[in-house]
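Structural overview for review
Residue-level listing of the chains:
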Amino acid sequence: QLTALPSLSPVRIAPTSQATGALQLRDQVRHAIIAGDGEAAVTRAAELARRFPGSADAQAVLGDASFAVGDKPAARAAYGRAARNPMNGEAAAALADSYAAQGDWPRAVGLLDHALDLGMGRVPWVLAARSVGARQLGDAEEAMSYALAAHELEPMNPLAISALLAAMPDDGSAARAELEAKLRSLQSR
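Everything numeric in this text was worked out from a predicted model, so none of it was measured. (Residues numbered from 1 in each chain as written. Predicted model: local features only at pLDDT ≥ 70, side-chain atom pairs only at ≥ 80, totals over all residues. Heavy atoms only, no water.)

1. Quick notes on the nonpolar core
- Judged by nonpolar contacts, the single largest core of 37 residues is most densely connected at Leu111, Val126, Ile161 and Leu179.
- Breaking this core down by element, the ones donating at least two residues are helix 3 (56-68), helix 4 (72-84), helix 5 (89-101), helix 6 (105-117), helix 7 (124-136), helix 8 (140-153), helix 9 (158-167) and helix 10 (174-187).
- For this core, the leading source of residues is helix 5, giving 7 residues.
- For Val126, the contacting residues outside a window of four places in its chain are Ala93, Leu112, Leu116 and Met120. (Core = buried A, V, L, I, M, F, W, Y, C linked by side-chain atoms within 4.5 Å. Buried < 20%, exposed > 50% of the residue type's maximum accessible area, 1.4 Å probe, protein only. Helix = DSSP H or I, 4+ residues; strand = E, 2+ residues; numbered from the N terminus. Contact = heavy atoms within 4.5 Å.)

2. Remarks on the confidence of the model for the chain
- In the predicted model, the chain carries a mean pLDDT of 87, and the fraction of residues at 70 or more is 88%.
- In the model, residues 11-17 has pLDDT below 50 throughout and makes 8 contacts with residues more than four positions away in sequence or in other chains. (pLDDT = per-residue confidence, 0-100.)

3. Thoughts on the layout of surface pockets
- Here the second largest pocket defines a volume of roughly 170 Å³.
- Lining the second largest pocket are Asp97, Ala100, Trp105, Trp125, Ala128, Ala129, Val132, Arg135, Leu159, Ser162, Ala163 and Ala166.
- Counting residues per element, the ones that place at least two in the lining of the second largest pocket are helix 5, helix 7 and helix 9.
- Sorting elements by how many residues they give to the lining of the second largest pocket places helix 7 first, with 5 residues.
- Class assignment of the residues belonging to the lining of the second largest pocket gives a composition of 9 nonpolar, 1 polar and 2 charged. (1 Å grid on protein atoms, 1.4 Å probe; cavity = no way out; pocket = protein on both sides within 12 Å on 5 of 7 lines; lining within 4 Å. Points joined across faces, edges and corners; volume = space filled by probe spheres on them. Nonpolar A, V, L, I, M, F, W, Y, C, P; charged D, E, K, R; others polar.)

4. Some remarks on the packing of helix 3 against helix 4
- Close contact between helix 3 and helix 4 brings their axes to 8 Å; oriented N to C, the two are set at 165°. In this view, helix 3 runs roughly antiparallel relative to helix 4, as classed from their interaxial angle. When the axes of helix 3 and helix 4 are compared, the crossing they make is left-handed. Contacts from Ala56, Gln59, Ala60, Leu62, Gly63, Asp64, Ser66 and Phe67 in helix 3 reach Lys72, Ala74, Ala75, Ala78, Tyr79, Arg81 and Ala82 in helix 4.
- Taken together, the residues that form the contact of helix 3 with helix 4 break down as 9 nonpolar, 3 polar and 3 charged. (Axes fitted to C-alpha atoms, helices over the stretch in contact; angles between N-to-C directions. Parallel < 35°, antiparallel > 145°, perpendicular 65-115°, else oblique. Left-handed = near helix turned anticlockwise from the far one by under 90°.)

5. Let's talk about the pattern of salt bridges
- Inspection of the entire model under this criterion finds 7 salt bridges.
- One salt bridge connects Arg176 with Glu180, and the closest N-O pair in it is separated by 3.4 Å. With Arg176 and Glu180 both in helix 10 and 4 residues apart, the pair spans about one turn of that helix.
- Here Arg176 falls in the buried class, since its relative accessible area comes to 12%.
- The network of salt bridges with shared partners includes Asp113, Arg130 and Glu142. (Salt bridge = Lys/Arg side-chain N within 4 Å of Asp/Glu carboxyl O.)

6. Remarks on helix 2 (residues 38-51)
- Here helix 2 spans 20 Å end to end across 14 residues, near enough to the 20 Å set by a 1.5 Å rise per residue.
- Of the residues making up helix 2, those classed as buried are Gly38, Ala40, Ala41, Ala45, Leu48 and Ala49. Taken end-on, helix 2 shows its buried residues confined to a sector of 165°, consistent with a single buried face. Turned more than 90 degrees off the buried face of helix 2, the exposed positions are Glu39 and Arg50.
- Each element contacted by the buried residues of helix 2 is listed here: helix 1 (22-34) and helix 3. (Expected span 1.5 Å × (residues − 1). Arc of directions from axis to C-beta.)

See the structure below:
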C-alpha cells in the first residue's frame, strides 16, 4: 500500500555535475525520480547507500528510488534497513504499517514498539496502530491503553477515535455513542 507523493521541486533545477557529498547525491536521486529517470535514481541511490552504509537516510532514499521504478520488494527491504537504524522511528512506524497491512501483527507490533521507544509516542496514528496491534494479538487491556493515549493526544483524530471504539466493549454506553457520532461527523466532512 505504498504510494508515491508528487514533488514540488521543478525538474529544471536538477543537478548535472558529479555529486561529491551525501546531500548532493540525495538531491540527484530525488531529481532523477522527479524527471522520471528511475534507472539513474536507483544507480545514484545505490551509490549513496554504499558510501554511507550505516545511514538510515541513505537506505530510505534507496527505498524511494526502488519504489519509483516499481520495485516494491526492493523498496520494502531498503525501508526495513532504514527502520533498523536506531535513530529512525518514522521509518520503523512506516514499515510496521506495511506489515500490518499484510496481517503480520507480531512484526508490526515489534516495529511499533521500536518506533515508540524512539520518540513516536506523541504521534496519534502510531498509538492507534499499536492499539489495533494489541487487539489483534489478544491484549484488550493494552489495546485500550494505547487507544486512550492516542485519543488524549488528538481527540478529533479519526484513527484515534476508531482505535478507541474498537478497544471499547460494545455495551451501548453513552460514551460509545458519542464517539460513534463524532467519528461519523468527521467522516462526512
